[in-house]
Amino acid sequence: MPKRVGIIGVGSTKFGELWDYSFRDLITEAGTKAITDAGIDGKDIEALYIGSMSPGLFAEQEHISALVADYAGLSGIPATRVEAACASGGLALREAYIAIKSGLFDIVVAGGVEKMTDVSTESAMINLMGAGDQEWEAFKGVTFPALYALMTRRHMFEYGTTIEQISMVSVKNHHNATLNPNAQFQFEVSIEDVMNSPIVADPLRLLHCSPITDGASAVILASEEKAKKLSDEVVWISASALATDTIALHDRKSLSRINSSVIAARNAYEQAKIKPKDIDFAEVHDCFSIAEIMAIEALGFCEFGNGGKITEDGETALDGSIPINPSGGLKAKGHPVGATGIAQAVEAVLQLTGRAGRRQVDDAEIGLIHNVGGSGATSVVHILER
Amino acid sequence: MKGIGIIGYGVYIPRYRIRVDEIARVWGANAESISNSLMVYEKSVPALDEDTATISVECARNAIQHSKINPSDIGAIYVGSESHPYVVKPTSTIVAAAIGATSELTAADYEFACKAGTAAIQTCMGLVALGMIRYGLAIGADTAQGKPGDALEYTASAGGGAYIIGREKLIAEIIDTYSFTTDTPDFWRREGQEFPSHGARFTGQPAYFRHVISAASGIMERNDLKPEDFDYVVFHQPNGKFPLRVARILGFKREQVMKGLVTPYIGNTYSGSTLIGLANILDDAVSGNLILAVSYGSGAGSDAFIIKVKKENERRRNKKTVKKFMEDKEYIDYSVYAKLKGKIKGVKLQK
């Protein structure tokens, strides 16, 4: 069994409403960039894992594993699509990691893609609700903003978290996105802008919600032996953890914490033999701004209930003690659901190799990425090290 | 094309108005934020007995009155609309009969979303240039549809403009026309569907902005003209914001746009939009004024025109000004609006 698995190349499309890009354009561009970045040949790649939540509903295209291999010029190799709603990307990364760790392959590509803007907003909302429990949530009229609004209310009730603190997550992430040339929203928002934006699901407003986005990302993984030969800038995956919870929110013991994230984080820290305080920065799943607060609590960056407070204190800012979402996060970088988990890995690699430009976190040596599916039924946590 | 232009024009705007805040009230929306984001305050609403045919006839009559031509000398009538009362059977023949144009003429209905009226002007210019007709009548008119509760409902209104094209006694010469057309599905309505569908933000940058900017830049480049050479500019105006933004991108000043910007007070009259805006400019324009007019039709395309105002426009002012139509108004509430627009379920308003 190979000792370690490393990432030797990354690539992403721009994120946004990309009218001129089809589903296959997106993933082909991201994959090509990753291969170029790794400095390898397509023929070096032995297997492919692709995460996408709902290409069937968003682009009327299934069987994307073979399609992606085809358009990448990789036909012949084993290609596998994985799906865990918005955590599909994180899952693809983990499957690629396992494939190398098992000793079966030496070089594997993991990609994530979603083409979301070819359908109306209404259809997108319905498609995304597939990440929840159709029978017990969707059929009753619940949407994702509504589920996260319930969690927000509970968090506010239990811990006294304020809507201002939650709004500060959006303000920070929009600021970080102004430093990210691939981000969907490269503009600042003020706390007043957030608090005055239209109500989506009380108390969540428009600027507490991540957008509908087109985008794709890809990373090239290699076994330790190969990675060292091919690259002198390898980022090592020191932990890969996946955990699940009940599909429906109402079946959870707590509405104010994401238990799958707690479990995945615990397992990840054990694998990497580190503690939360050792993490230099994290890319977390802020599909709604409350989700970032629940994420940093679950990941152990603060006590439960203290996420709003440390956000307010600036601890999660780029120059804070634990920078969260230097990329702009899902809120401002954009959230092409299936691509998000891989995009987080791309950002972590850029940070750890000192290539993050104006949003570079100083002395970044260990980064954590955290990808959630649905309202928390799936959590994937990876720890990456220089 | 030299020496071809506008002999006369006429507009018509129904007198009923509904305020944007009244529509917002019904849907529980934030009126102020809608008004500000669209820069539309009220819109015209057609009465029960008004449709694209009656609006076309009204503006055609006003154009005849203004031009003082004999309707029997009209050789072609084209009515552009996306709300023709009949799917099969022309509106243009109704107009011809109503204004007393003789049977010796060609007529047809046009459809190209909001730019069918300017396409009609181009056709008339061609026929005049070839000497096939003496006068052509080009009309753009609509009773626009918007699904209740949809963003379109705040702007979709009714109105029209008619232009008589020829060579004699021009009030303004059309120096050049230029079009930019692509297949861009930003807004559509299929046969049998009551309301149109749209691609939300896709109707902006890749649709309206790309086509309007391309047509405007294309015609200015071809004629070696710059934004500052024009006294006025009028763009298709689905709301108040889009034409102002497009003007800014192209380098026009706000003062050049405001005279032709009527949508904030009458809503988006679709095929009538550019034509009514242009008429508002012509109502006051003086000899030598240079005007750039650029329409936009979803689907998508833009027709651009460079128009030079002649002395005749000052000698023969149009008495039925756009301003008069804008000021002659009566406010209705949403319930009356729902009745007039046939939105009350179970009440059959049309045969």
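Residues numbered from 1 in each chain as written. Chains lettered and ligands numbered in written order. Predicted model: local features only at pLDDT ≥ 70, side-chain atom pairs only at ≥ 80, totals over all residues. Heavy atoms only, no water.

Within chain A one finds 14 helices and 11 strands. Against the globule reference of 21 Å for 386 residues, chain A gives a C-alpha radius of gyration of 19 Å, in line with a compact fold. Taken across its 386 residues, chain A has 61% of its residues classed as buried. Counting contacts in chain A only where the partners sit at least 6 residues apart, residues at least 24 apart contribute 77% of the total. With an accessible surface of roughly 14,400 Å², chain A has 51% of that area assigned to carbon and sulfur atoms. (Helix = DSSP H or I, 4+ residues; strand = E, 2+ residues; numbered from the N terminus. Rg over C-alpha atoms; globule rule 2.2 N^0.38 Å. Buried < 20%, exposed > 50% of the residue type's maximum accessible area, 1.4 Å probe, protein only. Contact = heavy atoms within 4.5 Å. Areas by Shrake-Rupley, 256 points an atom, 1.4 Å probe, with all protein chains shown as cover.)

A tally of regular secondary structure across chain B gives 13 helices and 14 strands. Against the globule reference of 20 Å for 351 residues, chain B gives a C-alpha radius of gyration of 19 Å, in line with a compact fold. Expressed as lengths along the three principal axes of its C-alpha atoms, the size of chain B is roughly 55 × 45 × 35 Å. A separation threshold of at least 6 residues defines the contact pool for chain B, and within that pool the share at least 24 residues apart is 79%.

Our next topic: the sheet that holds strand 4 (residues 107-114) of chain A. All names here are of chain A. The sheet built from 9 strands is open, its strands ordered 3-2-4-7-1-8-11-10-9 with mixed pairing. Edge strands, defined here as strands with exactly one partner in the open sheet, are strand 3 (79-82) and strand 9 (281-283). Here the average twist between neighbouring strands, direction ignored, is 25°. Sheet topology places strand 2 (residues 47-51) next to strand 3; 4 bridges connect them, and they run parallel. The residue bridging isoleucine 50 from the neighbouring strand is arginine 81, located in strand 3. Across the face of the sheet, helix 10 (residues 259-272) comes into contact with strand 8 (235-244), strand 10 (366-373) and strand 11 (378-385) while running at roughly 145° to strand 8. (Pairing = 2+ DSSP bridges. Axes fitted to C-alpha atoms, helices over the stretch in contact; angles between N-to-C directions.)

Residues and elements named next belong to chain B. Between helix 1 (residues 20-27) and helix 2 (residues 31-38), whose axes approach to 9 Å, the crossing angle comes to 135°. The angle between the axes of helix 1 and helix 2 places the two elements in the oblique class. As for how helix 1 packs across helix 2, the hand of that crossing is right-handed. Listed contacts from helix 2 to Val20, Asp21 and Ala24 of helix 1 are Ala31, Ile34 and Ser35. Looking at the contact of helix 1 with helix 2 residue by residue, the class counts come to 4 nonpolar, 1 polar and 1 charged. (Parallel < 35°, antiparallel > 145°, perpendicular 65-115°, else oblique. Left-handed = near helix turned anticlockwise from the far one by under 90°. Nonpolar A, V, L, I, M, F, W, Y, C, P; charged D, E, K, R; others polar.)

Moving on, we come to the sheet that holds strand 4 (residues 74-80) of chain B. All names here are of chain B. On the basis of which strands lie adjacent, the open sheet formed by 9 strands has the order 5-4-6-7-1-8-13-12-11 and mixed pairing. What marks the edges here is a single partner per strand, and that holds for strand 5 (106-110) and strand 11 (232-235). Strand-to-strand twist across the sheet, computed as the mean angle between neighbouring axes with direction ignored, equals 20°. Together, strand 1 (5-12), strand 4, strand 6 (135-143) and strand 7 (158-166) form the strand contacts of helix 3 (residues 52-67), whose direction differs from that of strand 1 by roughly 135°.

In this section: the domain arrangement of chain A. Residue and element names in this part refer to chain A. Segmenting chain A into domains produces domain 1 (5-120 + 213-236) and domain 2 (132-210 + 239-385). Taken residue by residue, the interface counts 42 residues in domain 1 and 37 residues in domain 2. Counting the surface lost from both domain 1 and domain 2, the interface buries some 2,800 Å², and carbon and sulfur atoms represent 66% of this. A salt bridge links glutamate 233 to arginine 355, with the shortest nitrogen-to-oxygen separation between them at 3.9 Å. Every element with two or more residues in the side of domain 1 that touches domain 2 is listed here: strand 1 (5-12), helix 4 (88-101), strand 4, strand 7 (215-223) and strand 8. Take the side of domain 1 that touches domain 2: its biggest share by element is 8 residues, from helix 4. Split by residue class, the side of domain 1 that touches domain 2 holds 21 nonpolar, 14 polar and 7 charged. (Domains from an automatic or database assignment. Buried area = accessible area lost by both parts, 1.4 Å probe. Salt bridge = Lys/Arg side-chain N within 4 Å of Asp/Glu carboxyl O.)

Turning to the side chain of serine 83 of chain B, a few remarks are in order. Residues and elements named next belong to chain B. Mapped onto the elements, serine 83 comes out in the loop between strand 4 and helix 4 (92-99). Residue classification places serine 83 among the buried residues on the basis of a relative accessible area of 8%. Within the local environment of serine 83, its side chain forms a polar contact with the side chain of aspartate 142, the two groups lying 2.5 Å apart. A polar contact of 2.8 Å, which involves the side chain of serine 83, links it to the backbone nitrogen of threonine 143. Look past the residues within four positions of serine 83 in its chain and what remains in contact with it is Thr52, Ala141, Asp142, Thr143 and Gln145. (Polar contact = N/O pair within 3.5 Å; in protein donor to acceptor, adjacent residues only side chain to side chain.)

Bringing helix 7 (residues 241-250) of chain B into the picture now. Residues and elements named next belong to chain B. Those residues of helix 7 lying buried are Phe242, Pro243, Leu244, Val246, Ala247 and Leu250. Looking at the buried side of helix 7, the elements it contacts are helix 6 (204-222), strand 11 and helix 8 (254-258). After helix 7 finishes, the residue glycine 251 shows a positive phi value of roughly 100°.

Averaged over all residues, the pLDDT of chain B equals 95, while 99% of them reach at least 70. Taken together, the chains of this predicted complex give a pTM of 0.84 and an interface ipTM of 0.70. (pLDDT = per-residue confidence, 0-100.)

Taken as a whole and judged by the stated rule, the model has 17 aromatic pairs over all chains. Aromatic pair phenylalanine 144 of chain A and tyrosine 148 of chain A: ring centres 6.4 Å apart, planes at 35°, arrangement tilted. Residue phenylalanine 144 of chain A and its partner tyrosine 148 of chain A are located together in helix 6 (residues 144-159), separated by 4 residues, close to a single helical turn. Neither residue differs from the other here; phenylalanine 144 of chain A and tyrosine 148 of chain A are each classed as buried. Clustering of aromatic rings is evident, with ring pairs tying together Tyr208, Phe209, Phe242 and Tyr296 of chain B. (Phe/Tyr/Trp six-rings, centres within 6.5 Å; stacked < 30°, edge-to-face > 60°.)

Grouped together as the largest cluster of nonpolar side chains are 63 residues, with contacts concentrated most on Leu137, Tyr163, Ile165 and Leu282 of chain B. Filtering out sequence-adjacent residues up to four positions away, isoleucine 165 of chain B remains in contact with Ile4, Gly5, Ile6, Ile7, Ile121, Cys124, Met125, Val128, Arg134, Tyr135, Gly136 and Ile174 of chain B. Counting 36 residues, the second-largest nonpolar core is a separate cluster that includes Val82, Ala84, Val361 and Ile369 of chain A. (Core = buried A, V, L, I, M, F, W, Y, C linked by side-chain atoms within 4.5 Å.)

A word on the pattern of salt bridges. Following the criterion strictly, the structure yields 32 salt bridges over all chains and no others. Between lysine 277 of chain A and aspartate 278 of chain A there is a salt bridge, and its shortest N-O distance comes to 3.7 Å. You can call lysine 277 of chain A exposed: its relative accessible area is 70%. Salt-bridge contacts for arginine 222 of chain B lead to aspartate 176 of chain B; the nearest nitrogen and oxygen are separated by 3.0 Å. Here arginine 222 of chain B, found in helix 6, pairs with aspartate 176 of chain B, found in strand 8 (residues 172-184); they are 46 residues apart in sequence, far enough to count as distant. The partly exposed category is assigned to arginine 222 of chain B, whose relative accessible area is 49%. In this structure aspartate 176 of chain B comes out as buried when scored by relative accessible area, which is 15%. Within the structure, one salt-bridge network assembled from shared partners comprises Arg4, Glu224 and Lys228 of chain A.

Residue and element names in this part refer to chain B. A cluster of like positive charges, contributed by Lys68, Lys319, Lys320 and Lys324, occupies part of the molecular surface. Along the chain, lysine 68 falls in the loop between helix 3 and strand 4. On the accessibility criterion, lysine 68 (63% relative accessible area) is exposed. (Patch = residues over 30% accessible without salt bridge, like charges linked within 9 Å, V, L, I, M, F, W, Y side chains within 5 Å. Lys, Arg positive; Asp, Glu negative; His and termini not counted. Charge placed at Lys NZ, Arg CZ, Asp CG, Glu CD.)

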